[in-house]
Amino acid sequence: MALTVSYTGQLSEATGVTEEAVQIAGGERLAGLIATLGEKHGEKFSELLLDDSGNLRSTVLVVLDGSQATGDLDSILLDDVQDLMLMTPIAGG
Amino acid sequence: MLSESDKATYEWQLDVPGFGESGQARLRQSTALVSRIGGLGGPVAFSLAAAGIGKLILAHAGDLRPDDLNRQILMRHEDLGKPRVESARKTLQSFNPDIEVEIVPENFSEENASRLVDKADIVFDCAPLFEERLLMNRECVRRRIPLIDCAMFSLEGRVIPIVPGQTPCLACLYPEIPPHWKRRFPVIGAVSALVAQIGALEGIKLLAGMDGVCLNQMIYIDASTMRTRKIDIVRRDDCAVCRGV
Ligand SMILES: [Zn+2]
């Protein structure tokens, strides 16, 4: 399945792109996708998203097809999702 | 009732559906606090002044520096080295002498939070630090005052209209200080101004009693492609700030 993943703020700086197309298998959860993307985009990417215990940082917003998702990395299922936004916080004025 | 002078100045916007004389009158009776009047807060204040808000309170510490001038459009080159709030007040009062402008040469803090928010009907949050933003959020939720939280970074920006008790608050989305955010951020003034206009308009709609305020949503714009999205956001049941409000 094809998924568009977009990145905002410092995450976009870390990946060098604002969005990319990603192929995922059925049953993929956010934890698995972030691990795969972390290998591709490097340490800074993972550090912005995950805390020292490997949990999603409380200040990262996950948006699935335009709606904020809640729950932890393992509970967020990506089946039937077309558009995933990973948003690190911004506060520039 | 609008004065003849107000009618003469604002007659073109009185024709806007849903705004009209009642919206203008409500705006005229309103006081807005704009916290920091840099790249975002400056254009917010400018548009509120143009729309005929009753009173602006501008809070921002420090003196004008050369590297402010790529985005801080209320400032004037001749005021380099002088307090930013004074330059801003001069610009706004020469643009619209009929509005009241109060200046506070301080940034939002624990010490002044209560005093600053006390006089406002709405707060526009345009500060570059989450410490200030979360403090402002806490104070606005405590007093049930709407907060328009505006932020940008590089070629993107977002606005979150917060109405305590009705929408998520800022702490629902960011329950702690994000550890990686840095004080210095990439910025082109036009992006700040673009985001500011979205924020100003949401505030004007809210104050004037117009429909269409993006409640329970974050308005996000990617100016690199000009794609705009409205993201549905949710309250956090265990939010330390707005739980029970
Ligand atoms: Zn909250």
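(A) Molecular detail of the overall build of chain B. In terms of regular secondary structure, chain B is built from 8 helices and 8 strands. Over its C-alpha trace chain B gives a radius of gyration of 17 Å, about what one expects of a compact globule, namely 18 Å for 245 residues. Projected onto the principal axes, the alpha-carbon positions of chain B cover approximately 50 × 40 × 40 Å. Taking the intrachain contacts of chain B between residues at least 6 apart in sequence as the baseline, contacts between residues at least 24 apart amount to 65%. Summing over all exposed atoms, chain B offers an accessible surface of approximately 10,300 Å²; the carbon and sulfur share of this is 51%. Computed over 30 positive and 32 negative side-chain charges, the inter-centroid distance for chain B is 4 Å.

(B) Structural view of the side chain of Q24(B). Mapping Q24(B) onto the fold places it in helix α2 (residues 20-28). When neighbours within four sequence positions are excluded, Q24(B) is seen to be in contact with L2(B), Y10(B), Q13(B), L14(B), F19(B), A51(B) and G52(B).

(C) Summary view of the packing of aromatic side chains. Taken as a whole and judged by the stated rule, the model has 6 aromatic pairs over all chains. Through a chain of ring-to-ring contacts, the aromatic side chains of F130(B), F153(B), Y174(B), W181(B) and F185(B) assemble into a single cluster.

(D) Representation of the interface of chain A and chain B in the model. Counting from both sides, the interface comprises 27 residues of chain A and, opposite them, 40 residues of chain B. Among the residues chain A hides against chain B, the three largest losses belong to I90(A), A91(A) and G93(A). Together they make up 25% of the total. Counting every contact that joins chain A to chain B gives 2 salt bridges. The partner of R229(B) in a salt bridge is D83(A), with the nearest N and O atoms 2.9 Å apart. When contributions to the side of chain A that touches chain B are tallied by element, the ones reaching two or more residues are β1 (2-8), α1 (9-15), α3 (43-49), β3 (61-64), β4 (67-69) and β5 (83-87) of chain A. The residue inventory of the side of chain A that touches chain B, partitioned by class, reads 8 nonpolar, 13 polar and 6 charged.

Calculation criteria
- Residues numbered from 1 in each chain as written.
- Chains lettered and ligands numbered in written order.
- Predicted model: local features only at pLDDT ≥ 70, side-chain atom pairs only at ≥ 80, totals over all residues.
- Heavy atoms only, no water.
- Helix = DSSP H or I, 4+ residues; strand = E, 2+ residues; numbered from the N terminus.
- Rg over C-alpha atoms; globule rule 2.2 N^0.38 Å.
- Contact = heavy atoms within 4.5 Å.
- Areas by Shrake-Rupley, 256 points an atom, 1.4 Å probe, with all protein chains shown as cover.
- Lys, Arg positive; Asp, Glu negative; His and termini not counted.
- Charge placed at Lys NZ, Arg CZ, Asp CG, Glu CD.
- Phe/Tyr/Trp six-rings, centres within 6.5 Å; stacked < 30°, edge-to-face > 60°.
- Buried area = accessible area lost by both parts, 1.4 Å probe.
- Salt bridge = Lys/Arg side-chain N within 4 Å of Asp/Glu carboxyl O.
- Nonpolar A, V, L, I, M, F, W, Y, C, P; charged D, E, K, R; others polar.

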